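# Commentary on secondary and tertiary structure
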Amino acid sequence: MAEISTTPPVQVENPLEGRVERLRNFCSDFSQSKVALAALAVIIALFAVSFGAPIFSPQDPYDLAMLDWMDAFLEPGSEGSGGYIHILGTDNVGRDMLSAIFYGLRTSFMIGLSAGALALLVGICVGLTAAYFGGKIEAVLMRVVDLQLSMPAILLALVMISILGQGIMQIIMALVVAQYAYFARTTNGAAKVERSKDYIEAARSTPLPTHRVLFRHLLPNVMPPLIVVATVQVASAIALEATLSFLGVGLPLTEPSLGSLISNGFKYIHSDRYWLSIYPGIGLMIAVIAINLVGDQVRKVLDPRNSR
Amino acid sequence: MSDILLKIDAVSKRFTRKPGVVAAAIDRVTGKDSTVTVHAVSNVSLEVERGEVLGIVGESGCGKSTLGRIVSGIYAPTEGEVLLNGDIVAKEVHGAVQKQTTRVQMIHQDPFASLNPRMKVGEIIAEGPRIHGLIPAKEVNDRVGALLEKVGLERAYANRLPHQFSGGQRQRVAIARALAMSPELLVLDEAVASLDVSIQAQVLNLFIDLRKDLGLTALFISHDLSVVRHVCDRVAIMYLGRLVELAPASDLYEKPLHPYTSALFDSVPKLGVGKRSFAAIQGEIPSPINPPSGCAFHPRCPFAGPRCKVEIPTIAKAGTGRSVACHIHNGGTGAEASVPVFTEAAA
């Protein structure tokens, strides 16, 4: 091993080549399904209109000064006092429904994504710790997870809300508590499979520090199933938040999410003012279905039995 | 026996599976004990000189891989100790094994499992030395390139992922990873068993060349007697967790002393003219959970006598540089009339 530096330095192949190639394979596999591609387009469009809500929506539904009582309960397609057409009508305080849906979608996405990401983080920590250390630590952690999985998520979220109170942060916390168990279970299962493989043993016998084995060797190899679970869980977090808001324990109407819009409109559904709750409902449905379709296709592509 | 690098001193390894909470409660009621103990390695002592390659041979389940893992610090021994240059290789702290040295490195059997599929080959090789600060950061690339060349790969391969390589190339990467730590002892656990025969030869030749260049000391674990003959100076034969015979390779292949060793040699298929039936060892390998009394090999041994059933044979000198654990060569089995072949070799 003595003779080292007499040879020229390493010719640098593009270091990203492998990754780029894998990404390209992933993209071409993904686009095999036209439905999933369409769903992805829908998600991107919804993201654009929801996070660009201040630009795209004709009215700011939070700005009370812009609301006019005279515009209340306008039917879809009628022109209001603002001089523009309310495509999806207005609600009981004269709020433009289209704008409210855009803003509501933004809140829903924000809650869904941050709850999903946090639950992923917590789930990974719990699942990896349990799988790597095994024994009593695993027994305790995973039994708690199992206990949680045996309860309906909505019940758990309701209990959490009643403890924490209302508000966006509280909702996110409740969703994380209700959902981390799915990530922990998946991480644990995948990590236990990977842990017994020789490359982990090789890393431990080098020896490398535990945190490095966990996060550099184990974690990257359990990510694929987690990505799949994450897409599904973001969709279900959005739906769960909508349910909580619909039940009246979620967000107040001053910070409308899709759930609270539906809940608000539901009061008038029997007086022929269907648009108040139907349109936010359709918006929610489209968002959740699109995310699920994309998640489904991601699962198919990442399934090792499909690998090329 | 002057310069001893590795000393395996009366090492035993038992794996126990304790019953779960419910099973333990049932045990308490019924008075049974469902704790399962596997005697993987029992009281093995070996010494390896610097620069020597020691082969460890045995059937699957004989504990040779467990011994390799103990030596490379993945398991801590239940009893006894493994010393490298007089220092303990690994110890158990709060139930977790902590390896104390980087001077022993291991090469695994399956190169498709032993390389992290999500790290580039260059990172895989450089990771250990980088973490342990064995080489300055500036020289890492050079060192990786030099190592790749040393194992017969191109420097530019450092930027590829393991799945872009064949099995033989991957095993070369695994060797480079082990060499990167500048180990004093290499443990090769069935390092060529999963490769095609032609690739096996290439990797073995690489190993032999490296050994010459770097003066490597190695523990070569294998079930393949012809491979072992090719690369090892001395050979240890294991059966059911125990050492049964230890001899210089040439002597062992010329005249095996232990009945198990000779049975092993008889079962190796050979090229030759005409039909040739080969004598398989009678019976199945017993379970290491409940090993036979006395000599573990006695249920399958054609020469077993009454003494073999009760007394565990100790390993004893039998000629220059060799030793064997068998009553035939150490006082008789108690049924001497039935052992015509091996008694003369004892002298």
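Residues numbered from 1 in each chain as written. Chains lettered and ligands numbered in written order. Predicted model: local features only at pLDDT ≥ 70, side-chain atom pairs only at ≥ 80, totals over all residues.

Helix and strand counts for chain B stand at 10 helices and 14 strands. Since a compact globule built from 347 residues should have a radius of gyration of about 20 Å, the 22 Å found for chain B is in line with a globular shape. Reported as C-alpha extents along the three principal axes, the dimensions of chain B are approximately 70 × 65 × 45 Å. In chain B, which comprises 347 residues, the proportion classed as buried is 43%. Considering only residue pairs separated by 6 or more positions, chain B has 64% of its internal contacts joining residues 24 or more positions apart. (Helix = DSSP H or I, 4+ residues; strand = E, 2+ residues; numbered from the N terminus. Rg over C-alpha atoms; globule rule 2.2 N^0.38 Å. Buried ≥ 20, exposed ≤ 12 C-beta atoms within 10 Å, placed from the backbone. Contact = placed C-beta atoms within 7 Å.)

Residues and elements named next belong to chain B. Strand order in the open sheet formed by 8 strands is β8-β9-β10-β3-β11-β12-β14-β13, with mixed pairing between adjacent strands. With one partner strand each, in any of the chains shown, β8 (104-107) and β13 (316-317) form the two edges of the open sheet. By the bridge criterion, 2 bridges tie β13 to strand β14 (residues 323-324) in an arrangement that is antiparallel. In the sheet register, K317 faces β14, and the bridge partner there is S323. Its contacts with the sheet place helix α2 (residues 64-71) against β3 (53-57), β8, β9 (185-189), β10 (217-222) and β11 (234-239), and it is angled at close to 155° to β10. Each of β8 and β9 touches helix α5 (residues 167-180); the most contacted strand, β8, lies at about 175° to it. (Pairing = 2+ DSSP bridges. Axes fitted to C-alpha atoms, helices over the stretch in contact; angles between N-to-C directions.)

Take the nonpolar core next. By size, the foremost hydrophobic cluster in this structure holds 170 residues, and its most contacted members are A:L175, B:V71 and B:L219. Beyond its immediate sequence surroundings of up to four residues, B:L219 is in contact with B:V48, B:L54, B:I56, B:G68, B:V71, B:L185, B:V187 and B:L188. (Core = buried A, V, L, I, M, F, W, Y, C linked by C-beta atoms within 7 Å.)

A word on the interface of chain A and chain B. Counting residues at the interface gives 25 residues for chain A and 33 residues for chain B. Of all the secondary-structure elements, those providing two or more residues to the side of chain A that touches chain B are α1 (17-30), α8 (198-205) and α9 (210-246) of chain A. Looking at the side of chain A that touches chain B residue by residue, the classes come out as 10 nonpolar, 8 polar and 7 charged. (Nonpolar A, V, L, I, M, F, W, Y, C, P; charged D, E, K, R; others polar.)

All names here are of chain B. In this model, chain B carries an average pLDDT of 86, and 93% of its residues clear a pLDDT of 70 or more. A low-confidence stretch, residues 337-341 (pLDDT under 50), is modelled with 4 contacts involving residues beyond four sequence positions or located in other chains. Counting interchain partners and residues more than four positions distant, the pLDDT-below-50 stretch residues 343-347 has 6 contacts. Quick note on the complex model: pTM equals 0.79, ipTM equals 0.84. (pLDDT = per-residue confidence, 0-100.)

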